[in-house]
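Single-letter residue listing:
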Amino acid sequence: MRFCPWREAHSRRGYQNVTPKLDKEQLVADGELVEEAVQHEIPYRRWSAGFVLEEMHKAGWRLADLLQKILVPPSPRSAL
């Protein structure tokens, strides 16, 4: 099974005092989001910050590769 960061993120959070609320003629849930205390694990805020930094790093490399492909003209040998 592949690692799913969204599933892990959801398991690290919990909801309290959830009540129905009318928002612009639409019924929505209103409540508080709390971090679940997991023993021997880093807190959600630190975990999520590390995850976001890692994903931003990957996105930077992907963007650099895309820009390289778009902006750098092909060499004359590759046209043959």
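Predicted, not measured: the structure shown is a model, and the values here were computed from it. (Residues numbered from 1 in each chain as written. Predicted model: local features only at pLDDT ≥ 70, side-chain atom pairs only at ≥ 80, totals over all residues. Heavy atoms only, no water.)

### Focus on the packing of aromatic side chains
Tallied over the full model, the rule gives two aromatic pairs. Judged by centre distance (6.0 Å) and plane angle (35 degrees), the rings of Tyr44 and Trp47 are tilted. Of the two residues, Tyr44 and Trp47 are both situated in helix H2 (residues 44-71); the distance of three residues between them amounts to about one turn of the helix. Across the pair, exposure class does not vary: Tyr44 and Trp47 are buried alike. With a centroid separation of 5.8 Å and an interplanar angle of 10 degrees, the aromatic rings of Trp47 and Phe51 are classed as stacked. Placement of the pair is Trp47 and Phe51 together in helix H2, with a separation of four residues, close to one helical turn. Residue classification places Phe51 among the buried positions, given a relative accessible area of 17%. Here a set of aromatic residues connected by ring pairs shows up, and it is made of Tyr44, Trp47 and Phe51. (Phe/Tyr/Trp six-rings, centres within 6.5 Å; stacked < 30°, edge-to-face > 60°. Helix = DSSP H or I, 4+ residues; strand = E, 2+ residues; numbered from the N terminus. Buried < 20%, exposed > 50% of the residue type's maximum accessible area, 1.4 Å probe, protein only.)

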